[in-house]
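Now for the letters of each chain:
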Amino acid sequence: MSDHGYPHEITGVETRKLGMWVFLSTEILFFGTLITTYLIFKGRSFDGMRLEDVYDIPFTSVSSFVLLMSSLTMVLAHNAIEKSDQERTNIWLLSTALLGAVFLAGQIYEFTEFYHKGFTLDVNIYGSTFYVLTGFHGAHVFIGVVLLLILWGIGVRQEGLSLEGGMNLEFIALYWHFVDIVWIVLFTVVYLI
Amino acid sequence: MIEQKREKKFLTIFRRPSSETGIWSWITTVDHKKIGIMYGYAAFLFLLLGGLEALFLRIQLSQPDNNFLSAAEYNAMFTMHGTTMVFLAIMPISAAFFNYLLPLQIGARDVAFPRLNALSYWIWVFGGLFLYSTFIFGTAGAPQGGYLAEEIGWLGRAPNGGWFGYQPNAGFQYSPGTAMDYWAIGLQILGISSLVSAFNFITTILNMRAKGMRLMRMPVFTWMTFAVAFLLAFSLPIIAIALFFVTFDRQFGTTFFLVEGGGDPVLWQHLFWLFGHPEVYILILPAFGIVSEVLPTFSRKPLFGYAAIVFAGFGIAFIGFGVWAHHMFASSISTVAQAGFGISTMIIAVPTGVKIFNWLGTIWGGKLNLKTPMLFALGFIAMFVIGGLSGVTHSIVPADTQQTDTYYIVAHFHYVLFGGAMFGIFSGLYYWFPKLWGKMYNERLGQLHFWFMLIGFNLTFGPMHWLGLQGQIRRTWVYAEETNLGFWNLISTIGAFIIAISILLFMINWSYSKRKGPKAPMDPWDARTLEWTIPSPTPTWNFSTPPEVHNLDDFWHKKYDEDNEGRAVRKEGADEYVEELERDGLNPKSTIELPNPSYFPFVLSSGLPFLGYAVIYKSLAFLGIGLILLLIGGFGWAIEPLEEHIVGEEEE
Amino acid sequence: MNDPHKPHPTPKQYVQIAIVLGVLTAIEVALYYTEDIVGIFTDPLLMILAIGKFVIVVGWFMHLRFENKLVNRFFVGGMILALFLFAIVMLERASGNYF
């Protein structure tokens, strides 16, 4: 509401940005619970297939690198819109979405391979915790890619994002980076340790 | 005069709705006051349903070896009673208060994200309807040796694994059928609603306060809203995950809670109570806030120790995350954990005690005005202290292992949740009644309500203390004649019906007075906070000029001075000042922009039950419909023009 | 976007940060393969590297270093709570009981 007489955002942080950060802190609890559950069971002695029997570290490393780089393109897109360089913004937005899609494709390929080898969702607790954890992460990436594409689409259609669109870019960027840092933790905790 | 103003906005597909009256205005509203009222009525309806379920339970228990309800029906009734009261009655009634009052108390026009606010409401409604649709579509059964689904009447078709759904009892093996899926998915949907509200309120309190309304000048009710929002924001994600685990275990073959698959049933308990304990503070803090408003007003004294009460509230919220395993003392947690959680549970009694003493300090030496809101606030203190004392006895681990799963525990939580939260809520309902409707409720009926409720409540739950210690077990549909528990159980049942009568008195008072009650002045209680500085019923635009605040209890300072002995002396022009406020409040002199209504929160929320049905019945059709509704809702929302409509005269 | 805050890093600096992230990832992967040599230091090192990457993305890409303190506190507060609960649960697991 643009109301004169009301102090504009007492805290000095734009309202929607504040809302997004609060939302992200709830997501910390969300993924925190998933990761904790994963770690509770990791390493327990129980018969049956484990992730270690089927994974492919080089492949996942490349995937992780791709997602990391998508954070770079995201921040470059943000940088571009701040300078009102609409063309660059669009390019970087699309790149981020594509890199995100490549990551997802990699995940899907990986999971299909695992399934063929017998490491399924319902094989045992390791399947349960692995797929639900990485699955939720993947779902978040998917939503992020959709949001990025929508924003890119609006930018192309309108020949540039308005001030409003620029704000939205900032929020989507925050969301996207968050999805990336969750993966940073996931990759280490699930695959490497 | 109200006009539409359209900003030039690309991609305009729909006009935003514009009805001011009628059912569409309610379905598309983003006005926090209307949303609050809708929450209140719907929650009250569920309160009645939950109460009915309780009456069934009490009838069954009024005699030993009774067969009014079968075992299956009994399980369904106590599960639904608990689930309804917690998630569909107390939480949304609190939400009604937050929604209606928060912007008023901080001097704002609306919350930070009005459409998101509407979304919270509609998601909640659809979640509640989805949960209750179990009575129509749900099936419940028991594994071999138990009862068959076909033998259970419709009363038993509801979730029957307790409101806490312990695994694996509530899993697919021991709770076949669809009822527990309705429970898990229903709660999941309800959780989303509260989570969205939480960050809406946090952002609102931080960013939308009026000029001069520093944090330490906010009313205590606002502070408690703040604390509740944090509790919701950080505890709901945990239960969301836990409920996903339950649904996945039941539907998709995962083994989170199944020992045969390497899982662990105790994990569910940890996750549930990690949410569940903050949840009970979510249930009680609003009442703490309400009582902190009522007591000063009706004692004609400022709140004793404002800062202490604020910090204690946050202390409770924070420590509340560290006591969860006191619900699990009998569940094979390590002795270290038992000791640790026993200590933290004792510690959390301290900030609570601080608040009680501060409330007593407020009343002490005050000029008490014993109207209905005050009676309920006083009743709250008494009942909550009793409940709190029994709570402290639970913190002693060896004692708790005797008390656990007996009626002693049932007594405890009903004293804090009913004697505490509900009494606080009734206090608030009567206190703010005139603000909502511009009419005054009937004081006589209000007093009758209070006394019937107090007596009925104590008759119902008082005996449960000793019934529990004598060995009556919870969640059990019969007790044998030889146990000699019959007499007090009968008293308890009689008490329950007295409670029912008191609720009827309330309903009569409310519905009659809101239409035919005497007109209430703007500030009937001579109160302290900003919501009393605007006309009753509250105008759509709340404040015609944004308020400017210079003190805690600013309104009081505008009406009263302090004499040499610190007593309040009414200022010379106080009455005229109040009249002037009312006149100005009704006639905004400059333009005021209010957010336009919207269809899309309603549309978006309507998709969620379909997703729920899709999971239960493995139906691609339902999945499709649900996703489409979500997409239309979300997409329409995103491209909807951010128009506002103007009230008041046009500026030149 | 119009908040008065310190200037953003330039694109060049962002690329440099990205290179640092890439290098850290490479070290992580290398650690995985050299587990025999590094021994018990592997896991702690991996965690340190992951935390390092986490802090870099949050601080620079998400701009938290340059943001209002309030926003900082929310995020850090959420992290502290999550870590605290995680610690208690893992301690309970370590105690060896059923769970």
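Source: prediction; values computed, not measured.

Definitions and limits used
- Residues numbered from 1 in each chain as written.
- Chains lettered and ligands numbered in written order.
- Predicted model: local features only at pLDDT ≥ 70, side-chain atom pairs only at ≥ 80, totals over all residues.
- Heavy atoms only, no water.
- 1 Å grid on protein atoms, 1.4 Å probe; cavity = no way out; pocket = protein on both sides within 12 Å on 5 of 7 lines; lining within 4 Å.
- Points joined across faces, edges and corners; volume = space filled by probe spheres on them.
- Helix = DSSP H or I, 4+ residues; strand = E, 2+ residues; numbered from the N terminus.
- Nonpolar A, V, L, I, M, F, W, Y, C, P; charged D, E, K, R; others polar.
- Contact = heavy atoms within 4.5 Å.
- Buried area = accessible area lost by both parts, 1.4 Å probe.
- Salt bridge = Lys/Arg side-chain N within 4 Å of Asp/Glu carboxyl O.
- Polar contact = N/O pair within 3.5 Å; in protein donor to acceptor, adjacent residues only side chain to side chain.
- Core = buried A, V, L, I, M, F, W, Y, C linked by side-chain atoms within 4.5 Å.
- Buried < 20%, exposed > 50% of the residue type's maximum accessible area, 1.4 Å probe, protein only.
- Domains from an automatic or database assignment.
- Axes fitted to C-alpha atoms, helices over the stretch in contact; angles between N-to-C directions.
- Parallel < 35°, antiparallel > 145°, perpendicular 65-115°, else oblique.
- Left-handed = near helix turned anticlockwise from the far one by under 90°.
- Expected span 1.5 Å × (residues − 1).
- Bend = angle between axes of the 7 residues up to and from the residue.
- Phe/Tyr/Trp six-rings, centres within 6.5 Å; stacked < 30°, edge-to-face > 60°.
- Patch = residues over 30% accessible without salt bridge, like charges linked within 9 Å, V, L, I, M, F, W, Y side chains within 5 Å.
- Areas by Shrake-Rupley, 256 points an atom, 1.4 Å probe, with all protein chains shown as cover.

### Focus: empty space enclosed by the protein
All names here are of chain B.
Moving on, step 1. Enumeration over the complete set of coordinates arrives at four cavities of 30 Å³ or more.
Moving on, step 2. Taken together, 25 residues make up the lining of the largest cavity; nearest its centre are Met91, Leu190, Ser193, Ser194 and Leu232.
Moving on, step 3. Elements with a contribution of two residues or more to the lining of the largest cavity: helix H3 (71–106), helix H6 (179–207), helix H7 (220–251) and helix H8 (265–299).
Moving on, step 4. Of the residues assigned to the lining of the largest cavity, the class counts are 18 nonpolar, six polar and one charged.

### Notes on the interface of chain C and chain A
Moving on, step 1. The interface is formed by 43 residues belonging to chain C together with 48 residues belonging to chain A.
Moving on, step 2. Around 4200 Å² of area is buried between chain C and chain A when both sides are counted, 75% of it from carbon and sulfur atoms.
Moving on, step 3. Where chain C meets chain A, there are one salt bridge.
Moving on, step 4. One salt bridge in this structure joins Glu67 of chain C and Lys17 of chain A, with 2.8 Å as the shortest N-O distance.
Moving on, step 5. The interface formed by chain C and chain A contains four residue pairs in polar contact (both at pLDDT 80 or more).

### A few points about the nonpolar core
What tends to happen in soluble globular proteins is that the nonpolar side chains get buried as a cluster.
Moving on, step 1. Among the nonpolar cores identified, the biggest contains 296 residues, and Leu51 and Phe130 of chain A together with Trp124, Trp359, Phe380 and Phe423 of chain B are the most heavily contacted of them.
Moving on, step 2. Broken down by element, the residue count for this core peaks at 23 residues, all from H7 of chain B.
Moving on, step 3. Residue assignment places this core across two domains, with domain 1 (1–67) and domain 2 (68–99) of chain C each supplying three or more.
Moving on, step 4. Discounting chain neighbours no more than four positions away, the residues touching Leu51 of chain A are Tyr38, Phe114, Phe119, Phe130, Val190 and Tyr191 of chain A.

### Observations concerning the packing of helix H2 (residues 57–82) of chain A against helix H3 (residues 86–117) of chain A
All names here are of chain A.
Moving on, step 1. Running from N to C, H2 and H3 point in directions that differ by 160°, and their axes come no closer than 8 Å. With respect to H3, the element H2 is oriented roughly antiparallel. The interaxial crossing formed by H2 with H3 has left-handed handedness.
Moving on, step 2. When the residues that make up the contact of H2 with H3 are grouped by side-chain class, the tally is 15 nonpolar, nine polar and two charged.

### A short note on H7 of chain B
Residues and elements named next belong to chain B.
Moving on, step 1. Between the first and last C-alpha of H7 there are 45 Å, a value that for 32 residues agrees with the 46 Å anticipated at 1.5 Å per step.
Moving on, step 2. Along H7, the largest kink reaches about 30° and is centred on Ser235; proline Pro237 follows within four residues of it.
Moving on, step 3. Among the 32 residues in H7, 31 count as buried, and that is most of the element.
Moving on, step 4. Immediately downstream of H7, the backbone of Gly253 shows phi near 80°, a positive value.

### Looking at the environment of Leu485 of chain B
Residue and element names in this part refer to chain B.
Moving on, step 1. Counting through the fold element by element, Leu485 comes out in the loop between helix H14 (443–469) and helix H15 (486–516).
Moving on, step 2. Here Leu485 falls in the buried class, since its relative accessible area comes to 4%.
Moving on, step 3. Considered as a pair, Leu485 and Thr352 are 133 residues apart in the sequence and their alpha carbons are 34 Å apart.
Moving on, step 4. In contact with Leu485, other than residues within four places in its own chain, are Leu467, Gln470, Gln472 and Tyr479.

### So, the packing of aromatic side chains
Moving on, step 1. Applying the stated criterion across every chain, the model contains 105 aromatic pairs over all chains.
Moving on, step 2. When the centroid spacing of 6.1 Å and the interplanar angle of 85° are considered together, the rings of Tyr55 of chain A and Tyr32 of chain C count as edge-to-face. Of this pair, Tyr55 of chain A sits in the loop between helix H1 (15–41) and H2 while Tyr32 of chain C sits in helix H1 (residues 11–33), on two different chains.
Moving on, step 3. What makes Tyr55 of chain A buried here is its relative accessible area of 18%.
Moving on, step 4. Relative accessible area serves as the criterion here: at 18%, Tyr32 of chain C is assigned to the buried category.
Moving on, step 5. Arranged with centres 5.3 Å apart and planes meeting at 75°, the rings of Trp163 of chain B and Phe272 of chain B form a pair that is edge-to-face.

### Some words on the domain arrangement of chain C
All names here are of chain C.
Moving on, step 1. Each domain of chain C was delimited in the assignment, giving domain 1 (1–67) and domain 2 (68–99).
Moving on, step 2. With five residues of domain 1 in contact, the opposing surface of domain 2 contributes six residues.
Moving on, step 3. Of the roughly 470 Å² buried between domain 1 and domain 2, counting both surfaces, carbon and sulfur atoms make up 72%.
Moving on, step 4. The largest contributions to the domain 1 side of the interface with domain 2 come from Phe54, Leu64 and Glu67, which together make up 85% of the buried area.
Moving on, step 5. Between the two partners, domain 1 and domain 2, sit zero salt bridges.
Moving on, step 6. Remark: the boundary between domain 1 and domain 2 carries zero residue pairs in polar contact (both at pLDDT 80 or more).

### A look at the side chain of Thr60 of chain A
Residues and elements named next belong to chain A.
Moving on, step 1. Position of Thr60 relative to the elements: it lies in helix H2.
Moving on, step 2. Judged by relative accessible area, which is 0%, Thr60 ranks as buried.
Moving on, step 3. When near neighbours in sequence (up to four residues on either side) are disregarded, Thr60 contacts Glu110, Trp183, Phe187 and Tyr191.

### Structural notes on the interface of chain B and chain A
It is common to give the size of an interface as the accessible area lost on bringing the parts into contact.
Moving on, step 1. At the interface, 53 residues of chain B touch 42 residues of chain A.
Moving on, step 2. Joining chain B to chain A, the criterion identifies one salt bridge.
Moving on, step 3. Here Arg44 of chain A ties to Asp264 of chain B by a salt bridge, and the two come within 3.4 Å at their closest N and O atoms.
Moving on, step 4. Across the contact surface, chain B and chain A share six residue pairs in polar contact (both at pLDDT 80 or more).
Moving on, step 5. For the side of chain B that touches chain A, the element with the most residues is H7 of chain B, which contributes nine residues.
Moving on, step 6. A per-class count over the side of chain B that touches chain A returns 35 nonpolar, nine polar and nine charged.

### What to know about the pattern of salt bridges
All names here are of chain B.
Moving on, step 1. Taken as a whole, this structure holds 20 salt bridges over all chains when the rule is applied.
Moving on, step 2. The residue Arg475 makes a salt bridge to Asp405 at a minimum N-O spacing of 3.3 Å. With Arg475 in the loop between H14 and H15 and Asp405 in the loop between helix H12 (397–403) and helix H13 (407–437), this pair connects stretches of sequence that are 70 residues apart.
Moving on, step 3. Residue classification places Arg475 among the partly exposed positions, given a relative accessible area of 30%.
Moving on, step 4. Notably, a salt bridge pairs Arg567 with Asp563, separated by 3.8 Å at the nearest N-O pair.
Moving on, step 5. Overall, Arg567 belongs to the exposed group, its relative accessible area being 52%.
Moving on, step 6. Salt bridges sharing common partners tie together Arg300, Asp523, Asp526, Lys559, Arg570 and Asp575.

### Things to note about a nonpolar patch on the surface
Moving on, step 1. Taken together, the side chains of Phe142, Ile143, Val146, Leu147 and Ile150 of chain A together with Phe635 of chain B make up a nonpolar region of the molecular surface, amounting to roughly 510 Å² of accessible area.
Moving on, step 2. When residues in the nonpolar patch are grouped by element, the largest group, five residues, is from helix H4 (residues 125–157) of chain A.
Moving on, step 3. Inspection of the secondary structure puts Val146 of chain A in helix H4.
Moving on, step 4. Judged by its relative accessible area of 35%, Val146 of chain A falls in the partly exposed class.

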